Amino acid sequence: MRIELDSADDIGPVVRASRKAQSIRQDDAAGSIGVSESFMGKVESGGETLQWGKLFQVLEGLGVRVILDVPDEVAGQLAAARQLHARRQSAKAARRAKAAGPEDR
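Residues numbered from 1 in each chain as written. Predicted model: local features only at pLDDT ≥ 70, side-chain atom pairs only at ≥ 80, totals over all residues. Heavy atoms only, no water.

A. Representation of the overall build of the chain within the structure. When you go through the chain residue by residue, the secondary structure sums to 5 helices and 2 strands. When burial is assessed residue by residue, the chain has 25% of its 105 residues classed as buried. A sequence separation of at least 24 residues applies to 77% of the contacts in the chain between residues at least 6 apart. In the structure as shown, the chain presents an accessible area of about 7100 Å², 53% of it carried by carbon and sulfur atoms. (Helix = DSSP H or I, 4+ residues; strand = E, 2+ residues; numbered from the N terminus. Buried < 20%, exposed > 50% of the residue type's maximum accessible area, 1.4 Å probe, protein only. Contact = heavy atoms within 4.5 Å. Areas by Shrake-Rupley, 256 points an atom, 1.4 Å probe, with all protein chains shown as cover.)

Shown next, in the form of structure tokens:
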């Protein structure tokens, strides 16, 4: 299965689906990989750092596409992970808009 990534935000659902397809808890995955559970959560939620954003900016500018080749069994989990991610992103955007207040809109 090939998945084209256009931004750091796109990788979160893929990571989550890959972990879930292997029936690994987030904390166990983080420990076995050697990262904190907090970091793993940020990756799965599509946390974008300056470095990620800059990386994709450079790649896009060079016409380079990042494509993940994940096992077919991840596909079932990926749809659910993408839906969850979309809901979280919508809620995050709504909170930001509410916090901005009417004078900033």
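B. The environment of E44, seen in detail. Residue placement: E44 occurs in helix α3 (residues 37-44). Of the residues examined, E44 reaches a relative accessible area of 4% and is grouped as buried. Separated by 31 residues in sequence, E44 and P13 place their C-alpha atoms 6.1 Å apart. Here the side chain of E44 touches Q26 through a polar contact of 3.1 Å, side chain to side chain. (Polar contact = N/O pair within 3.5 Å; in protein donor to acceptor, adjacent residues only side chain to side chain.)

C. Examining the nonpolar core more closely. Membership of the largest hydrophobic core is limited to 11 residues, which are I3, L5, A8, I11, V14, A17, F56, V70, V74, L78 and A81. Listing elements by their share of this core, those giving two or more residues are β1 (2-5), α1 (11-21) and α5 (74-100). Here V70 is in contact with M1, I3, V14 and S18, once residues within four sequence places are set aside. (Core = buried A, V, L, I, M, F, W, Y, C linked by side-chain atoms within 4.5 Å.)

D. Here's a closer look at the packing of helix α2 (residues 26-33) against α3. Contact geometry of α2 with α3 gives a least axis separation of 8 Å together with a crossing angle of 110 degrees. Regarding the angle of α2 to α3, the classification is roughly perpendicular. When you trace α2 past α3, the crossing you get is right-handed. Of the residues in α3, those touching α2 at Q26, D27, A29, A30 and I33 are E37, M40, G41 and E44. Looking at the contact of α2 with α3, its residues break down into 4 nonpolar, 2 polar and 3 charged. (Axes fitted to C-alpha atoms, helices over the stretch in contact; angles between N-to-C directions. Parallel < 35°, antiparallel > 145°, perpendicular 65-115°, else oblique. Left-handed = near helix turned anticlockwise from the far one by under 90°. Nonpolar A, V, L, I, M, F, W, Y, C, P; charged D, E, K, R; others polar.)

E. Representation of unusual backbone geometry within the structure. A positive phi angle, near 55 degrees, is found at S23, a position not held by glycine. Along the chain, S23 falls in the loop between α1 and α2.

F. Focus on the pattern of salt bridges. In this structure the tally under the stated criterion is 4 salt bridges. Taking the shortest distance from any N to any O, the salt bridge between R25 and D27 comes out at 2.7 Å. Residues participating in the shared-partner salt-bridge network are R16, R19 and E44. (Salt bridge = Lys/Arg side-chain N within 4 Å of Asp/Glu carboxyl O.)

G. View of the packing of α1 against α3. At a closest axis distance of 7 Å, the pairing of α1 and α3 adopts a crossing angle of 120 degrees. Relative to α3, the element α1 is oriented oblique. Contacts from G12, P13, V15, R16 and R19 of α1 reach α3 at M40, V43 and E44. For the contact of α1 with α3, the per-class residue count stands at 4 nonpolar, 1 polar and 3 charged.

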